[in-house]
Every structure is written in structure tokens, then in C-alpha cells.
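So you can see what is in the structure, the chains are spelled out below.
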Amino acid sequence: MIRLDGVGKTFRGRDGAEVEALRDVSLNVAEGEFVAIVGASGCGKSTLLRLVAGLVGVSAGGVSLDGQAVTAPRAETAMVFQAATLLPWADVLRNVTFPLRLMGRMERDTEDKARALLATAGLAGFEGRLPRELSGGMQQRVAICRALLQEPRLLLMDEPFGALDALTREEMSIELLRLWAARRMGVLFVTHSIPEAVLLADRVVVMSPRPGRIVDVVEVALPRPRSFDQEGSDEFQRCARRIRAHIFGERAARAA
Ligand SMILES: Nc1ncnc2c1ncn2[C@@H]1O[C@H](COP(=O)(O)OP(=O)(O)OP(=O)(O)O)[C@@H](O)[C@H]1O
Ligand SMILES: [Mg+2]
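As annotated in an unreviewed UniProt entry, the chain is ABC transporter ATP-binding protein from Neoroseomonas lacus. Listed under Sequence similarities (unreviewed entry) in UniProt, the entry text for the chain is "Belongs to the ABC transporter superfamily."

Once that is clear, we can look at the site of ligand 1. By nearness alone, 15 residues border ligand 1, and Ser41, Gly42, Lys45, Ser46 and Thr47 come closest of all. One of the side-chain N or O atoms of Lys45 is found 2.7 Å from an oxygen atom in ligand 1. His192 places a polar side-chain atom, nitrogen or oxygen, 3.2 Å from an oxygen atom of ligand 1. When ligand 1 sits alone it has 630 Å² of accessible area, and the protein chains cover 65% of it. Counting residues per element, the shell around ligand 1 draws most heavily on helix 1 (residues 45-53), at three residues.

Let us look at the packing of aromatic side chains. Counting across every chain of the model gives three aromatic pairs. Arranged with centres 5.8 Å apart and planes meeting at 45°, the rings of Phe34 and Phe189 form a pair that is tilted. Taken together, the residues span a long stretch of sequence, with Phe34 in strand 3 (residues 34-38) and Phe189 in strand 8 (residues 186-190) at a distance of 155 residues. Judged by its relative accessible area of 0%, Phe189 falls in the buried class. Put simply, the rings of Phe34, Phe161, Trp180 and Phe189 pair up and form one aromatic cluster. The ring of Trp180 is capped by Arg184, whose NZ or CZ atom sits 4.0 Å from the centre of that ring.

What follows is about the coordination of the magnesium ion (ligand 2). When a metal holds four donors in a tetrahedron, each ideal angle between them is 109.5 degrees; when it holds six in an octahedron, the ideal angles are 90 or 180 degrees. The protein atoms that coordinate the magnesium ion (ligand 2) are Ser46 (OG) and Gln82 (OE1), at distances of 2.0 to 2.5 Å. A residue pair is termed long-range when its members are at least 10 positions apart, and Ser46 in helix 1 and Gln82 in the loop between strand 6 (77-80) and helix 2 (92-102) qualify at 36 residues.

In this model, Arg210 is joined to Pro211 through a cis peptide bond whose omega is -5°. Relative to the helices and strands, Pro211 resides in the loop between strand 9 (203-207) and strand 10 (214-219). Residue Arg224 is joined to Pro225 through a cis peptide bond whose omega torsion reads 0°. Tracing the backbone shows Pro225 in the loop between strand 10 and helix 7 (234-248). Its identity as a non-glycine residue notwithstanding, Glu151 has a phi of 40°, on the positive side.

In this structure, the largest pocket encloses a volume near 400 Å³. In terms of lining, the largest pocket is formed by 18 residues, of which the most central are Thr77, Ala78, Met79, Phe81 and Gln150. Broken down by secondary-structure element, the contributors of at least two residues to the lining of the largest pocket are strand 6, helix 2 and helix 4 (136-149). When its residues are assigned to classes, the lining of the largest pocket shows 13 nonpolar, three polar and two charged. Estimated volume of the second largest pocket: approximately 160 Å³. What lines the second largest pocket is simply Ile174, Leu177, Arg178, Trp180, Ala181, Arg224, Pro225 and Arg226. Residues belonging to the lining of the second largest pocket are distributed by class as follows: five nonpolar, no polar and three charged.

Rules used throughout
- Residues numbered from 1 in each chain as written.
- Chains lettered and ligands numbered in written order.
- Predicted model: local features only at pLDDT ≥ 70, side-chain atom pairs only at ≥ 80, totals over all residues.
- Heavy atoms only, no water.
- UniProt positions renumbered as here; feature names shortened; annotations may be inferred.
- Near = heavy atom within 4 Å.
- Polar contact = N/O pair within 3.5 Å; in protein donor to acceptor, adjacent residues only side chain to side chain.
- Areas by Shrake-Rupley, 256 points an atom, 1.4 Å probe, with all protein chains shown as cover.
- Helix = DSSP H or I, 4+ residues; strand = E, 2+ residues; numbered from the N terminus.
- Phe/Tyr/Trp six-rings, centres within 6.5 Å; stacked < 30°, edge-to-face > 60°.
- Buried < 20%, exposed > 50% of the residue type's maximum accessible area, 1.4 Å probe, protein only.
- Lys NZ or Arg CZ within 6 Å of the ring centre and 35° of its normal.
- Donors = N, O, S within 2.8 Å, 3.2 Å for Na, K, Ca; no water.
- 1 Å grid on protein atoms, 1.4 Å probe; cavity = no way out; pocket = protein on both sides within 12 Å on 5 of 7 lines; lining within 4 Å.
- Points joined across faces, edges and corners; volume = space filled by probe spheres on them.
- Nonpolar A, V, L, I, M, F, W, Y, C, P; charged D, E, K, R; others polar.

Dropping the structure here:
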């Protein structure tokens, strides 16, 4: 479905200095596939998602969706940003339904679906609150509901659980997997957490420090449905160790 072909991205700073964020990145994401991306801070993960979302253009190579070049944001793609990016003047329910309203895709049952999603995210009773009345983690959950309500074919998630406490994080991961199993959208999921990447994904893409390149793609053969109980399994350990080896070097992986 999504195809990145030799993608490079170089930014020019205001002082004219160039930053090469990505170099020669090639990756395919199949329809309904769950792909996680891990790598050090600054290696270009957010940039990669923005390119796929059509929010910024490539400097080299190409990004296509169903064989068509991605040059602008598309209705079948939804994104959860690293920061929640809610509309400060709109209540929770209006924030969640805003993209569909904007695209003229409101149906009779859209608000009910929104309420149901908010309830599964632990936000029942907060529909009428403003973002500033919520904690950071709650705001992020609203942003996740907003993306899911669009029922996208491609869901781009940039460290969506970064602002959540460990318990909520586990709960939301399992909830995301449940929704994904029901709808089977393609997911590109950026995370700093190696266990989270292994638990969620079919494949984990490991990126090098700047300029970001793909150094390995780890297939995760854990059976689904997944649960955190699988963290003790040999396959989980094998995947986590291999990813860690790339990120921290071989010696750190053996010591872990
Ligand atoms: N709009 C921009 N203008 C200039 N440089 C940018 C821009 N966006 C990103 N960069 C640079 O590109 C590099 C990659 O940034 P990016 O945000 O993609 O990294 P990241 O992997 O998402 O990091 P983190 O894990 O900290 O979120 C960084 O060096 C950053 O400074
Ligand atoms: Mg980022």
C-alpha cells in the first residue's frame, strides 16, 4: 500500500546550514500491516511519518500510496502527532469529530462512535471538557480517538503513548491492537520503547542516528492476539535483543 523508494530528506535551517535527516530509506507497508519504527532521538522518525502523511516533501526518492505519489495530506490517512495538537477552544467531543466535520464525512452515528471510542480510552464523562482541563496523557488519548474515528486505511502514530503512564500505556496498546484486529488498517508506529515495538508490530524497522537510514527490519513471529505475558517468550527476547544490539551496540546487548 505504502512504498518509500530511496527517500532522502535534507532541511535547510534559517541560518542556511543543511541538516540531512533521512538518507536512502526504502520501505513497503502492506495493507493492514503493523510496522513499528525505533531509533535514537533525532534520527528522522517524525520526519519519515510527515513525509508519508504528505505534510512535507521529499528531497530525494519518492513516497507513494497505492502507486500514486503522495504530495499532500489524504483522507485515507490519519496521524497522531508526538504532541496532542488539540483545538484549545473546542471540547473533547468536537475535537474528536473535527476532521470528519471538516471533510464533510459526519454520519448520523458518528457522535455515538466518538463517545464509544472515548469510553474505551477511559474518557467517558469528559466529552464536554476543554483540552486545558485535561492532563497531558488524557489529551493524547483524545488525539488517538480523533485519529481512530476517521477509520483510516493508514494510521501514522508518532510516539502516541509517550505522555502516558506505564499502566495506561499497556492498556492503550492492547486497545489499539484490538481495534487494529477489527479494522485491519496499515499502521506506522514510532516508539522509543523496544518492548512496545515488539509487542505491537509485525515488523520493527530500526533506524541509525542522523542521517536516518534503515539498519535492520526485524520480523516478529509472536502469535496474535498479543499480550504483555509474551514478554517472557524466547521470540520476544530474540527480537528485543536484536533491536537493542543495533541501537546500543553488540556489547550492551550481551550485557542486558
Ligand atoms: N522543519 C525542520 N527544519 C529543520 N530541521 C528539521 C526540521 N524537522 C526536523 N529537522 C531535523 O531533522 C532531524 C530529524 O528530526 P525528527 O524530528 O524527524 O527526529 P525524531 O527521530 O523524530 O526525533 P525524536 O525521537 O526526538 O522525536 C533533526 O536533526 C531535526 O533537527
Ligand atoms: Mg520525533
